[in-house]
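Fold and contact review
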Amino acid sequence: VAKDVAEDVVIPVVAEDLDEPVRSPVIPQAAPAGSAPAWRERHWFPVASTMELDPKRPTPVRIDGIDLVVWQVPGQEEAPDGGWRVMIDACAHRLAPLSEGRLEPKTGRLQCAYHGWEFDGTGSCKCIPQVEEAAAQRMRANSRSSVRSFPTKLGLRLVWVWLGEGPPKCEPEDIVKGTHLLNELEVTGSYTRDMPYGYDALVENLLD
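Reference entry: report on the structure contained in this document. Residue positions are given per chain, counted from 1 along the sequence in the order it is written. Predicted model: local features are reported for residues with pLDDT of at least 70 only, side-chain atom pairs are reported and counted for 80 or more only, and whole-chain, interface and lining totals are derived from all residues. The basis for every side-chain value is the complete set of non-hydrogen atoms in the structure, without hydrogens or water.

Considerations on the pairing of strand S3 (residues 45-49)
For a regular strand, side chains alternate in direction, first toward one face of the sheet and then toward the other. Categorising residues by exposure relies on relative accessible area from a 1.4 Å probe, with only protein chains included: less than 20% of the type maximum marks a residue as buried, more than 50% marks it as exposed, and the intermediate range marks it as partly exposed. A helix here means a DSSP run of H or I that spans at least four residues, while a strand means a run of E at least two residues long, and both kinds are numbered starting from the N terminus. Most of S3 sits out of view: four of its five residues are buried. At least two DSSP bridges between two strands are needed for those strands to be called paired. Here four bridges tie S3 to strand S13 (residues 158-161), and the two strands are oriented antiparallel to one another. The residue bridging Ala48 from the neighbouring strand is Val159, located in S13.

What about the sheet that holds strand S11 (residues 149-150)?
Spatial strand order, S4-S5-S6-S11: four strands in an open sheet with antiparallel pairing. Either end of the sheet is taken by a strand with one partner, and the two such strands are strand S4 (59-63) and S11.

Let's talk about the packing of aromatic side chains
Planes of paired rings set the category: under 30 degrees apart is stacked, over 60 is edge-to-face and the rest tilted, where pairs are Phe, Tyr or Trp rings (Trp by its six-membered ring) whose centres lie within 6.5 Å. Enumeration over the complete set of coordinates arrives at one aromatic pair. Ring geometry for Trp44 against Trp162: centres 5.6 Å apart, planes inclined by 65 degrees, an arrangement best described as edge-to-face. Residue Trp44 is found in the loop between strand S2 (9-11) and S3, and its partner Trp162 is found in the loop between S13 and helix H2 (181-184); the two are separated by 118 residues along the sequence. Relative accessible area serves as the criterion here: at 0%, Trp162 is assigned to the buried category.

Things to note about unusual backbone geometry
Phi is positive for Asp64, which is not a glycine, with a value near 50 degrees. Along the chain, Asp64 falls in the loop between S4 and strand S5 (66-72). Positive phi values are uncommon outside glycine, yet Leu95 reaches one of about 65 degrees. Within the element layout of this structure, Leu95 appears in the loop between strand S6 (84-88) and strand S7 (102-103). The class of Leu95 is partly exposed, set by a relative accessible area of 25%.

This is the structure:
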């Protein structure tokens, strides 16, 4: 078994029967959250600039103490969200990091590097190559074969994720609503620096 220290949740990671894929009932915290719990129900979290993400491969990120994988669904580049998806970075089968997998060129789905399970943009498992199709259909119908996928939007040339349990209550662009930046903001360059705290604390420090 593997023990999630932050939430004190015990997650079984050894399942001999492929009929019983492993999935944690809660959002796994890889590290303590850097923001107040209420923030997840009130605000979108910025993930990365689209200029930094490679659309041809999954990218691991840690947002508010949660390990996530960011990837772009091929062929959906012109969609309002740019085709970007943000999911828990753990395969539903053996919890292997999906960010170590690849985008399967024939299906356009996110493929786990461990056993080849494939997931679509909603987090639903669409392929289990180890078993016959009849058995695979039964296994895929099990909700535990899915990976949690979060609401994602594209705004201000950034990918944003909603980590709350409830539906999104606002838009990412609301963060600059009422300021002169609303119609004038133009992102011409970008860089990322990892900080061991939430962006709300950073903004407060910068304004201090």
